[in-house]
Amino acid sequence: MTKRLPPFKLYVEGGGSGGYLRTECRRTFSEFLKKSGIKSGLPRVVACGSRSNAYQDFCTAIGNGELAILLVDSECAVFDKSVWDHLKNRKGDGWTRPDKIKDDQCHLMIQCMESWFLADIDAVSGFYGKSFNAGRLPKNQPEEVAKEDLFNALNAAIGDGDGYKKGRDSFRILEKIDTEKVCEKCPSAKAFIGAVKKYSKKRMIGKS
């Protein structure tokens, strides 16, 4: 007899107020996870819009007995020992860790999703074309680059036109970047992918 398991969902910051952007957020994050080698048991991606919405939706899911992972931008450098300490102490968040969840059910994109782009500059260059000046991008490790500095560098590298547009460009670039390169250069991304793999595998075992 097949064992009935609770839903497995990934609550992610992003997708704006709805419609097309949320669809793209769901689709491209799912593709990003698939490229990591996960063949089955993937979570259903829930594009929540704002980071506060992502947290609230995650807490509701946990309260309803779902298996859930939360993924949000750190927004700044992370100095706390745990993800939840960062989210509790960061001005503007002050989030409380829900009861009965494991440490690996919450992850940060340090310092934002665009930090992952620095791990695969070839893919970003390919997206923007010949006019893109990759030399304008920071040479630091991706997670060390402040969010404001990263956005300024992206705009400088793009040069002509209207620069980097998060809603227009972000998910299309996410679809192109190499998951393995991101995990190699962004420890927080590696931890996130590792957690998704672990829970995906457990779900497949649980169905047998």
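Structure: see above.
So, how was this worked out
Residues numbered from 1 in each chain as written. Predicted model: local features only at pLDDT ≥ 70, side-chain atom pairs only at ≥ 80, totals over all residues. Heavy atoms only, no water. Core = buried A, V, L, I, M, F, W, Y, C linked by side-chain atoms within 4.5 Å. Buried < 20%, exposed > 50% of the residue type's maximum accessible area, 1.4 Å probe, protein only. Phe/Tyr/Trp six-rings, centres within 6.5 Å; stacked < 30°, edge-to-face > 60°. Helix = DSSP H or I, 4+ residues; strand = E, 2+ residues; numbered from the N terminus.

K.L.:
Quick question: what am I supposed to make of the nonpolar core here?
P.N.:
As a rule of thumb, soluble globular proteins bury nonpolar side chains together. Ranked by size, the top nonpolar core spans 47 residues in total, and within it Phe 29, Trp 116, Ile 177 and Phe 192 carry the most contacts. Counting 18 residues, the second-largest nonpolar core is a separate cluster that includes Tyr 55, Ala 68, Leu 70 and Ile 110.

K.L.:
It is not clear to me how the packing of aromatic side chains should be interpreted in this structure. Could you clarify?
P.N.:
This model, assessed by the stated rule, comprises ten aromatic pairs. Judged by centre distance (4.5 Å) and plane angle (5 degrees), the ring pair of Tyr 55 and Trp 95 falls under stacked. Of this pair, Tyr 55 sits in helix α2 (residues 51–63) while Trp 95 sits in the loop between α3 (83–89) and β4 (106–109), and the two are 40 residues apart along the sequence. Residue Tyr 55 shares its accessibility class with Trp 95, and that shared class is buried.

K.L.:
Just checking my understanding: could you explain unusual backbone geometry for this structure?
P.N.:
Outside of glycine, negative phi angles account for most residues, and trans bonds account for most peptide bonds. Look at the link from Ile 110 to Gln 111: it is a cis peptide, with omega at 0 degrees. Relative to the helices and strands, Gln 111 resides in the loop between β4 and α4 (121–128). At Glu 75, a position not held by glycine, the phi torsion is positive, near 75 degrees. Secondary-structure assignment places Glu 75 in the loop between β3 (67–73) and α3. Residue classification places Glu 75 among the partly exposed residues on the basis of a relative accessible area of 22%. Positioned with a positive phi, Lys 100 is a non-glycine residue whose angle comes to about 65 degrees. Position of Lys 100 among the secondary structure elements: in the loop between α3 and β4.

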